Every structure is written in structure tokens, then in C-alpha cells.
Amino acid sequence: MALKITVIGTGYLGATHAAAMAELGFEVLGLDVVPEKIEMLTRGEVPMYEPGLEELLRKHVAGIEGSTGRLRFTMDWAEVAEFGDVHFVCVNTPQKHGEYACDMSYVDAAFSSLAPHLKAGALVVGKSTVPVGSAARLATLLPEGTDLAWNPEFLREGFAVQDTLHPDRIVVGVRSERAEKILRDVYAAPVGQGSPFVVTDFPTAELVKTAANSFLATKISFINAMAEVCEAADGDVAKLAEAIGHDDRIGSKFLRAGIGFGGGCLPKDIRAFMARAGELGADQALTFLREIDSINMRRRGQMVEMTREALGGGSFLGKRVAVLGATFKPDSDDVRDSPAMNVAGQIHLQGGQVTVYDPKGNANARRLFPTLGFADSVLDAVRGADVVLHLTEWREFRELDAELLGGVVASRVILDGRNALDPAVWREAGWTYRAMGRPTA
Ligand SMILES: NC(=O)c1ccc[n+]([C@@H]2O[C@H](COP(=O)([O-])OP(=O)(O)OC[C@H]3O[C@@H](n4cnc5c(N)ncnc54)[C@H](O)[C@@H]3O)[C@@H](O)[C@H]2O)c1
Ligand SMILES: O=c1ccn([C@@H]2O[C@H](COP(=O)(O)OP(=O)(O)O[C@H]3O[C@H](CO)[C@@H](O)[C@H](O)[C@H]3O)[C@@H](O)[C@H]2O)c(=O)[nH]1
């Protein structure tokens, strides 16, 4: 009989995973503790912005005309346990308040709610990003006759649907052949299409995830460190990245210098990794991540200082600053630890009149920083601005009409925090264009 799947926690990861599992042909039941999310999902509405997700969801949510009906949502733990053969745990694992460590309370709560109801033979599969050692601890919370696996997730926001249906690898930490066999069945379609299937133990599976994110963070901070040197030496970090990227041992991906990395993953994951290594007595191995974090956080401050300079130095009081982009990356509405919002917030707190526009992130950004100004279009955001900051590289911003914008700003000055605009286009329209790590470009 076909496996029945549940997904516990239907946020960025879980909602996508649930819809993707239905797309692969499974019957799926999603659970969350936030009633509004469950109500929206049941209506076929995605509680966040992720390209292609709403279409996929509507294709499968029961009750929607023409859907397969394979996907439903609930808040009832007993129903979930009764329904599912395989339970994917996708709840959030944020940074603990005031500490570097991971807050495991949501994962612990999900396990505690599910465990008492589990059927014999059920397989619980952790997908959340957790400190190494968590799976072994959580296994002790499950009743006898059930099993646990850890299956970290590598999807990128903005590409979540594609990454879930066609992952570049599937990693499973297991303690039994049966768990491996079940997961091979679940992922038969992507594996059949060529996704590598890596089987390992609990700690290695957990470490693969934090190691991968640490490497990505390191690559970004490396190029941002080069940007700092380029600033001092009149070099051009974009050219430098292009040139070193031709060496395929280095590769050109994740070498975009700018205001650095943010989001709900890289920053908190490298900090949780350092904290956990400390607990294990291996802190020296990861002290370099402290530097990766510092380089990254310095970028935000440098963008603020570049803005101050562009305004002639001194105070931001009375200066009008337009901020294009609020999300931590384009094609997402996610503003968690967003470098753009950090920069906007710092300038605002120093007296600047900041107006933000983001194609999808305005609502989330306003909730985070209700005292900032928000506009519904680029033109409204930049009207009367003394300086324009490009902080998230949405396609809409790359396609802007520099001449048109020039007609409404107070001063044609644009600072490109993502090194993603074409300097020639802006200069031809009479703008002063400045990017990070490219003082002469
Ligand atoms: N967002 C990503 O791109 C991504 C990618 C890979 C891994 N991850 C990891 O996946 C996990 C989830 O991240 P996210 O971005 O989806 O977070 P999120 O905050 O968007 O979603 C988490 C969901 O879990 C729900 N939840 C909280 N406690 C619960 C409980 N006790 N029972 C049931 N549901 C509960 C929340 O209401 C929320 O809807 C984290 O560990 C994250 O590090 C995220
Ligand atoms: O060259 C680059 C590439 C990215 N970034 C920034 O880095 C951050 C993270 O980008 P990205 O990794 O694409 O976004 P996420 O969706 O957070 O995905 C990361 O975090 C997820 C959650 O753990 C993992 O699943 C993914 O594999 C991992 O890429 C964003 O702020 C980007 O603007 C740069 O500054 N320069």
C-alpha cells in the first residue's frame, strides 16, 4: 500500500515539502499550531511568497476544483498520528534569545505532541536544522516500535519548489535498514531522476547540513573580505570574483560581494554550530566562523557609512533615503535577519527619513519596523530622495528606467549594495553610481 505522509510545521520548508510530496503522488496531511496558517492552506493559499508554490498547492489541496485532493491540513495530533506512516518534522529552529545556541523548544514540543499518539511502525523524519546530537536525544522520546531518521533539507527560498522536487542530493541519517528502505520509497522519483541518495548515521546527517551552510557563509564572507581590500586598494571585487571563479576548484557561485548574507538560515546556523561545537569541546575548530559572522555584519555598517558619505558626511537628520528591497534575497517575502532591513533601520534610527519599497516583502517588513516609511512603488519610494539604496536584487530593480527615476529624485545618487545594477546605464542617465568593493568601477 502507498505510504501516507504527514508534514508537521507548514512554514517555508513544510508547506513546500507537503505540496511536493502530494505532487510525487502521496496522500499528505499537514499540521501546524497556527490556526490562520491552516485555514489559509486549506483554502489553497500560501501564507508566504514562494514562486510556483501556490500553483502546486492548489493542484493538490482537497476541495479545490480540479485538484487531486491528495493534500489536506489539520491541527489535530491524533488525526496526524492515525493517518501517517511517515511524519516529516519541519518546525522552526531559531537562534535562542540572547545566545548563539539553537532554540530547540519547537522541535521538542512537536515531538512531545506527536509521540503519545504514534502507531507502531511509524517513521518520524526530522527535517529541521538542528544541533548535532539532537536526533539521538529525540529518538529516546519516541515510543517503542517506532523509528526516527534525520533528513536535512537544502532548499533555497525563491527556488523551493524546484529544489524540493529535484534536490541536488538527499541525505538520510538512519539507524535501521527499514528506515532507509522507507525513505528510498518516499524519494524514489527524484532518485530515479538522478538525485544522489546519501545514507549515513544521525550525527553525520545533522553535520552535513550545518557544514554546508557554514561553507556557503564562508564563501560569501571571503568575497566580502576581498571587497574590503578592493575598497582600500582601488580594486574591483566583481572583476576579481569573475576571474577567480573561472578556476573550477573555486567556482563562480556564491561570490557576489555586497551587504552580505541574511535570512532564516545562514546567520543562525553558523552561530548554533559554534555554540554546539563549544558544548562538545571542539570550539577551536569553528572559531573561524566568528570571523565569517563579523565580516558579514560589518557589511551592513559599511553600507550605512557609504550612505552617510554619499550625503556629504555628518548626520542623517532631515535626509531622505529611498531603500529598494526589504527581503533578505529576491523572490521571497522573508525579512528574517535581512541585511536590507538592518541598513534601513540603522539609518532611520539615526534620524534619516527612510522609505522602503519591496515587490513582495513590504507587509512583513512593516510588521518588523512599523516606524519606517513604506511605498507601494519604486517611483513613490524614490520621490524626493537624496540618495537611493539598492539593497535586494529583485529583477524589477535591474529593469528600472534610470531616466524616469532621475526625474523624481532630489539627487541622482544610487548606491548598489548588491553589485547587481549596470553602472553604465545609471551613469549615462546622469546618476552617481557607487557599488561595494568597486571604488573605481
Ligand atoms: N526556510 C528555508 O529555506 C529552510 C531550508 C532548509 C532548512 N530549513 C530549516 O527548516 C526549519 C523550518 O524553517 P522554516 O523557514 O520553514 O520556518 P517557519 O518559521 O517558516 O516554519 C515553521 C512552522 O512550524 C510551525 N510550528 C512551530 N511549532 C510547532 C509545533 N510544536 N508543532 C507544529 N508546528 C509548529 C510554525 O507555526 C511554522 O508555521 C528550520 O529548522 C530551518 O532551519 C529552512
Ligand atoms: O554570492 C552570494 C550569494 C548569496 N548571498 C546572500 O546570502 C543569503 C543567503 O542566500 P541563499 O543561500 O541563496 O538563501 P537561503 O534561501 O537562505 O538558502 C540557504 O539556507 C537554506 C536554509 O538552511 C539552505 O537550505 C540553502 O541550501 C542555503 O543556500 C542572502 O541574503 C543572499 O543575498 C550573497 O550575499 N552573495
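Residues numbered from 1 in each chain as written. Chains lettered and ligands numbered in written order. Predicted model: local features only at pLDDT ≥ 70, side-chain atom pairs only at ≥ 80, totals over all residues. Heavy atoms only, no water.

Caption draft 1: Quick peek at the sheet that holds strand β10 (residues 353-357). Here six strands make up an open sheet; going across it, the order is β11-β10-β9-β12-β13-β14 and the pairing parallel. Each edge of the sheet is formed by a strand with only one pairing partner; in this case those strands are β11 (373-374) and β14 (432-435). Here strand β9 (residues 320-324) runs beside strand β12 (residues 387-390); their pairing, made up of four bridges, is parallel. Following the sheet pairing, Val321 is matched in β12 by Val387. Lying over the sheet, helix α13 (residues 287-310) contacts β9, β12, β13 (413-416) and β14, oriented at roughly 165° with respect to β13. (Pairing = 2+ DSSP bridges. Helix = DSSP H or I, 4+ residues; strand = E, 2+ residues; numbered from the N terminus. Contact = heavy atoms within 4.5 Å. Axes fitted to C-alpha atoms, helices over the stretch in contact; angles between N-to-C directions.)

Caption draft 2: Here's a closer look at the site of ligand 2. Near ligand 2 lie 21 residues; those nearest to it are Phe154, Leu155, Lys209, Cys265 and Phe328. At 2.8 Å from an oxygen atom of ligand 2 is found a side-chain nitrogen or oxygen belonging to Lys209. Interatomic distance of 3.3 Å between a backbone N/O atom of Leu255 and an oxygen atom of ligand 2. Surface burial for ligand 2 is 93%, taken as the share of its 700 Å² of free accessible area covered by protein chains. Per-element accounting of the shell around ligand 2 gives the leading share, four residues, to helix α10 (residues 202-233). Of the residues in the shell around ligand 2, the class split is ten nonpolar, three polar and eight charged. (Near = heavy atom within 4 Å. Polar contact = N/O pair within 3.5 Å; in protein donor to acceptor, adjacent residues only side chain to side chain. Areas by Shrake-Rupley, 256 points an atom, 1.4 Å probe, with all protein chains shown as cover. Nonpolar A, V, L, I, M, F, W, Y, C, P; charged D, E, K, R; others polar.)

Caption draft 3: Layout of the nonpolar core. Grouped together as the largest cluster of nonpolar side chains are 43 residues, with contacts concentrated most on Ile5, Val28, Leu71, Val86, Phe88, Leu183 and Val186. Of all hydrophobic cores here, the second largest spans 31 residues; its members include Met104, Leu114, Leu148 and Ala205. (Core = buried A, V, L, I, M, F, W, Y, C linked by side-chain atoms within 4.5 Å. Buried < 20%, exposed > 50% of the residue type's maximum accessible area, 1.4 Å probe, protein only.)

Keep in mind that these numbers describe shape and distance, not what the molecule does.
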